[in-house]
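Structural description and commentary
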There are 2 protein chains.
Amino acid sequence: MDKAFQMTKARSDTPPKRPVMLAIAGDSAAGKTTLAKGLVEAIGADRCTMMCVDDYHRYDRGERKQLPFTALHPDCNYMSIMEQHLQLLATGEPILKPIYDHGTGQLVRPVLVEPKDVVIVEGLLPLYSKMSRACFDVRVYLDPPEELRRQWKVTRDTTKRGYSKEQVLAELDRREAESAEFIRPQREYADVVVRFSPIAVRHDPPGTPLSAELMLRPTIHHPDLTGVLVPGMRRAIHQKLERDENGRPVDTVHVHGYVSLEESRLVEKTIWSALGYEGEAPACLGTLGDAPRSEPLAITQLLLLYHVLDLLGTPHS
Amino acid sequence: MDKAFQMTKARSDTPPKRPVMLAIAGDSAAGKTTLAKGLVEAIGADRCTMMCVDDYHRYDRGERKQLPFTALHPDCNYMSIMEQHLQLLATGEPILKPIYDHGTGQLVRPVLVEPKDVVIVEGLLPLYSKMSRACFDVRVYLDPPEELRRQWKVTRDTTKRGYSKEQVLAELDRREAESAEFIRPQREYADVVVRFSPIAVRHDPPGTPLSAELMLRPTIHHPDLTGVLVPGMRRAIHQKLERDENGRPVDTVHVHGYVSLEESRLVEKTIWSALGYEGEAPACLGTLGDAPRSEPLAITQLLLLYHVLDLLGTPHS
């Protein structure tokens with residue numbers, strides 16, 4: 001490569017705009033797409049690039065049958081290419097992204113992905129390496145209880161991906177060791193860890209939305225909720241100063257499934273007005289397919305939306 | 001993207017080694033693969049990555065039928081991704097390269113390409129843009145007379161790609177305007193322009209290898225041949241100071257098809273010893289499939305090999 005290369009770089013037009021990069025990591029069927037969808041709708045699809053990094057498979061389904069690991073294993077994926085593509089997107093450059101066809105198990109024609117103002121990256125391993133983590137402004141890890149995730153995976157893969165319940169359970173077992181070794185350690189690097197789950201000690205009526213436990217690490221600046229989570233509300237939403245499993249200080253916010261719409265809206269309005277907006281937060285948050293709207297999900301999404309809009313430079317009050 | 005990104009970059013291991021980058025541009029069936037093959041063999045396949053940039057098609061064959069341009073048109077290709085991939089290779093980084101299946105006309109599973117010590121890139125448009133040109137240390141353009149190229153294309157596409165002669169000729173006509181607009185202008189940016197052709201005024205016996213006319217632009221440092229191309233040899237090989245079509249000074253070296261093995265070897269030995277090697281230049285040069293060895297091709301390849309080995313830092317005398 002000659003000197004002209006550097007000169008061309010220096011002489012080129014203004015560099016591309018760097019997008020806001022948000023990662024949503026988590027195991028299969030942890031709820032990544034559900035969480036992302038409401039965010040994309042709130043940000044606006046025209047401003048938002050959403051992509052999944054589970055397409056960087058080095059082997060197709062047939063080839064994997066001969067191999068001693070599952071698709072979760074980093075050796076089963078072009079991890080350095082995933083890192084490279086995340087870096088390119090983070091610097092505003094387009095990529096030609098590989099595509100894995102879940103229907104046929106084949107690697108097929110790649111697609112052009114161009115970063116819009118916001119890039120939401122979801123998948124099994126986006127926070128696996130230091131280099132990939134460094135590409136993101138906000139890192140989220142979805143951490144439902146294993147039993148709940150297994151139920152979700154069985155439901156999805158039997159209804160939408162054509163597998164039998166036995167096949168899904170067998171696959172979950174086959175993946176367990178690699179989930180523990182490669183997927184779950186990403187939790188430690190997340191700025192926000194989200195855990196949707198029923199509350200064990202309560203007996204909520206059927207249909208009560210899941211509660212959310214949000215671990216907010218001080219690795220990014222979260223909006224101040226201490227003023228709003230006043231004693232009167234503490235039954236449904238409360239924030240606590242705790243230590244994570246490594247002894248590091250974190251805030252945890254609990255949003256109970258039975259939180260009332262009024263209480264939820266107050267929290268949402270506080271986050272929303274911290275950004276300089278008046279009135280109600282976007283109504284699309286909290287959507288759960290055909291199920292009733294979930295206030296814990298809405299608050300979780302709004303917290304992430306806060307970071308995205310904040311980084312985009314939306315007017316503050 | 002946060003500060004950690006820069007820190008990670010700065011803290012990472014020694015940067016990857018930058019390979020020597022050689023481009024061989026030219027129209028379809030201009031002889032790019034033939035020229036490249038002998039080079040790869042001389043350099044050693046273990047040190048050499050060879051790739052074709054004609055796979056960056058934006059549309060497959062079916063989609064192109066609906067479009068007003070052929071595969072030669074930059075709008076028909078992911079040019080910015082081609083540039084990005086050339087930059088990555090030039091900085092020693094791997095790429096996940098798209099693949100176009102000439103048999104089916106489909107875009108298929110991409111492949112990992114890792115740059116070895118030398119990257120030889122051949123194709124229709126590697127010198128099309130300023131950014132792509134800047135990625136190369138040595139830029140070659142193959143410029144056979146159109147009539148000869150048409151013959152070569154008919155022969156290749158009817159014997160190896162399953163087309164009829166009529167189909168190939170119709171395709172050549174369909175591409176002519178875009179060849180003139182996008183392919184041939186690359187000639188101007190080449191450090192070395194290679195034209196294999198019969199010499200019109202002579203009547204060589206059938207089977208005489210084609211002659212070569214090499215235009216050596218002073219954009220890179222060519223080995224000094226003035227001492228070796230002594231008067232006694234001038235019947236078969238001669239060098240001339242000329243002007244190119246834009247009036248810029250160039251050296252042209254003519255190697256006649258009937259050059260004797262002795263004369264050819266003397267030129268080869270001069271170039272070879274300029275690199276600090278003793279004895280004969282690699283015997284694999286000049287190979288033309290099943291046809292007799294071509295001394296003009298061997299000298300052309302050796303001149304390019306000179307640049308590659310020189311840039312690799314092979315010991316000079």
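The rules behind the values
Along every chain, residues carry numbers that run from 1 in the direction the sequence is written. Starting at A for chains and at 1 for ligands, labels are handed out in the order in which the entities are written. pLDDT decides what is reported in this predicted model: residues at 70 or higher carry local features, side-chain atom pairs at 80 or more are listed and counted, and totals for whole chains, interfaces and linings draw on all residues regardless. Here the side-chain values reflect all heavy atoms present in the structure, with hydrogen atoms and water set aside. Going along the chain from the N terminus, every DSSP run of H or I of four or more residues is numbered as a helix, and every run of E of two or more is numbered as a strand. Helices are assigned an expected span. That span is 1.5 Å times one less than the residue count. Accessibility here uses a 1.4 Å probe with only protein chains present; expressed as a share of the type maximum, an area under 20% marks a residue as buried, one over 50% as exposed, and anything in between as partly exposed. Start and end points for every domain follow an automatic or database-based domain assignment. Only heavy atoms matter for contacts: two residues are in contact if any of them lie within 4.5 Å across the pair. Here the quantity called buried area is the accessible surface, traced with a 1.4 Å probe, that two parts lose on coming together, added over both. In the sections that follow, a salt bridge refers to a side-chain nitrogen of Lys or Arg positioned within 4 Å of a carboxyl oxygen of Asp or Glu. N or O atoms within 3.5 Å of each other form a polar contact, as long as, within protein, one can give a hydrogen and the other can take it, and as long as residues adjacent in sequence are counted only when both atoms are side-chain atoms.

Residue and element names in this part refer to chain A. Here helix α4 (residues 79-90) is twelve residues long and its end C-alpha atoms lie 16 Å apart, about the 16 Å a rise of 1.5 Å per residue gives. Burial of α4 is extensive: eleven of the twelve residues sit out of reach of the surface. Along α4, the residues classified as buried are M79, I81, M82, E83, Q84, H85, L86, Q87, L88, L89 and A90. Of the residues flanking the end of α4, it is G92, one or two places downstream, whose phi is positive at about 90 degrees.

Residues and elements named next belong to chain A. Along its sequence, chain A is carved into domain 1 (20-142) and domain 2 (191-312). Taken over C-alpha atoms, the centre of domain 1 sits 25 Å from the centre of domain 2. Residue-level contacts link 18 residues of domain 1 with 20 residues of domain 2. Across the domain 1/domain 2 interface, buried area totals approximately 1700 Å², and carbon plus sulfur atoms make up 76% of it. At the surface where domain 1 touches domain 2, the tally comes to one salt bridge. The salt bridge partner of R139 is D191, with a shortest N-O separation of 2.8 Å. There are six residue pairs in polar contact (both at pLDDT 80 or more) connecting domain 1 and domain 2. Within the residue set of the side of domain 1 that touches domain 2, elements represented by two or more residues are β1 (20-26), α2 (32-43) and β6 (138-142). Ranked by residues supplied to the side of domain 1 that touches domain 2, first place goes to α2 with seven residues.

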